[in-house]
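Architecture and fold: a report
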Amino acid sequence: MAMLLQITTFLHQYLYAKGQEQPTQPNALRVGILSTAMINTAAIIRPAMTHGGVIISAIASRDIKQAQDNAKKYGIPMAYGSYDELLSEPGIDAVYISLPNGLHGKWAKKALQSGKHVLLEKPFTANADEARDLVKIAQEKNLVLVEAFHWQYHPAAHAVKAILDSGKYGQIVRTYARMTTPQGTIPRSDIRWKYELAGGSLMDMTYVVSSTRYFLDVGTPREVAAVKARKAREDPRVDSAIEATLLYDVNGRTVESTVYSDMDRAPALGLIPRVWEMPSIEIETEHATIYFYNFMMPHLYHYIQIHDKRTGATHTEKYYTGGPLWGARGESWWSTYRYQLEAFVDKVRGRAPAHWVTLESSVAQMETIDAIYEMTGLGKRQPTQE
């Protein structure tokens, strides 16, 4: 249940950041925020408080009052009434962009052209064409640009990947990734329902594609074999739910992967909200079935259940620190966003991050989403026209 996870993460970040603030280093990375979206608190503001190498220097909104209110609330030095104003500020090194989907490409492009590094919320852009254009600019400018798939930076994700890569349970034969929100919990006024802002369940819950591709270690599917879309009542151009079957070529064999996103999930038995349906992925290999429960926000709670087909034995693993990539770095209270910020700062400072979401991966992500939308007949999403 995505909305519950977000709210719980806000509380988690507040409680832990309050006791773990770090003094700001003299050469701290100066970050500006484009938008006053609710996600900012958990995604960048609280994590920055516990990272001495980062300071949130400015925030911008088209409503100066909102920017000023947020700046006052979180102790941010500068507030701007336009995004262009913030981008023209020479004292800003990088920006975090949490604008609606359809505006990601435009403002990331402007940020890069202004010489800023960019941490860009998912989905990367409205579509793959826009993604490729953005990547070209980042490469030409030699600036850091990364899609904020925060979950990929957590030790639990790395642990599952290591289990699969070890070959202990054979090759992957099938995957199923699911992310849902109970019916009626996302207000119809929310940007996720707006076609003009590149909304839709697959755009918002793009994690189902991201997790599938990450664990398979693949780019785009060979084929979108099947797809079912449920259109939003208010606007049939927007998907309230999508289920797609993707065929990938992996190590000389075909892997069938199903992804399911639903922003309006019907209650069980017509009565019970499916609050237990946290973002999860089931990965079947030749010799085991591995179930990663709550892969999106594993810092709150998760489990990795492994059922060995050969012995019939089932055991559970959990990872909140360490893992195969972070080693001794990190704390048990670090959120996925805090791990992501650690990697982002490392990358900008020229250090090798423990994990990284490559630009090639972000383009492949959007190509996959485009292909699914095209097969539904809804068509790929388009950038917002202003």
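Relevant structure appears above.
What counts, and where the lines are drawn
Residues numbered from 1 in each chain as written. Predicted model: local features only at pLDDT ≥ 70, side-chain atom pairs only at ≥ 80, totals over all residues. Heavy atoms only, no water. Axes fitted to C-alpha atoms, helices over the stretch in contact; angles between N-to-C directions. Helix = DSSP H or I, 4+ residues; strand = E, 2+ residues; numbered from the N terminus. Parallel < 35°, antiparallel > 145°, perpendicular 65-115°, else oblique. Contact = heavy atoms within 4.5 Å. Nonpolar A, V, L, I, M, F, W, Y, C, P; charged D, E, K, R; others polar. Pairing = 2+ DSSP bridges. Buried < 20%, exposed > 50% of the residue type's maximum accessible area, 1.4 Å probe, protein only. Polar contact = N/O pair within 3.5 Å; in protein donor to acceptor, adjacent residues only side chain to side chain.

This next bit is on the packing of helix α5 (residues 104-113) against helix α6 (residues 128-141). The packing of two helices is summarised by the inter-axis angle and the distance between the axes. For the pair α5 and α6, the least separation of the axes is 10 Å and the interaxial angle reads 10 degrees. Between α5 and α6, the crossing angle belongs to the class labelled roughly parallel. In this structure, α5 uses Gly-105, Lys-106, Ala-108, Lys-109, Leu-112 and Gln-113 to contact α6, whose residues at the interface are Glu-130, Leu-134, Ile-137, Ala-138 and Lys-141. Of the residues assigned to the contact of α5 with α6, the class counts are 5 nonpolar, 2 polar and 4 charged.

With that settled, consider the sheet that holds strand β7 (residues 172-182). The pairing of strands in a sheet comes from backbone hydrogen bonds and takes either a parallel or an antiparallel form. The sheet built from 8 strands is open, its strands ordered β8-β9-β10-β7-β11-β12-β13-β14 with mixed pairing. Each of the sheet's edge strands pairs with one partner strand only, and the pair in question is β8 (223-231) and β14 (314-317). The sheet shows a mean angle of 10 degrees between the axes of neighbouring strands, taken without regard to direction. Pairing of β7 with strand β10 (residues 253-265), which is carried by 8 bridges, proceeds in the parallel orientation. Of the residues in β10, the one forming a bridge with Ala-177 is Val-259. Of the strands in this sheet, β7, β9 (239-250), β10, β11 (280-285) and β12 (288-293) are in contact with helix α9 (residues 207-216), which crosses β7 at around 160 degrees.

One turn of an α-helix holds 3.6 residues; hence residues three or four places apart share an orientation. Residues His-104, Gly-105, Trp-107, Ala-108, Ala-111 and Leu-112 constitute the buried set of α5. The inward-facing, buried residues of α5 abut β1 (29-34), α4 (83-87), β4 (94-97), β5 (117-120), α6 and β6 (145-147). Of the residues flanking the end of α5, it is Gly-115, one or two places downstream, whose phi is positive at about 85 degrees.

With that settled, consider the side chain of Thr-50. The topology assignment puts Thr-50 in the loop between α2 (40-49) and β2 (54-60). Of the residues examined, Thr-50 reaches a relative accessible area of 7% and is grouped as buried. A distance of 3.0 Å separates the side chain of Thr-50 from the backbone oxygen of Pro-47, its partner in a polar contact. In this structure the side chain of Thr-50 is engaged in a polar contact, spanning 2.8 Å, whose partner is the side chain of Arg-338.

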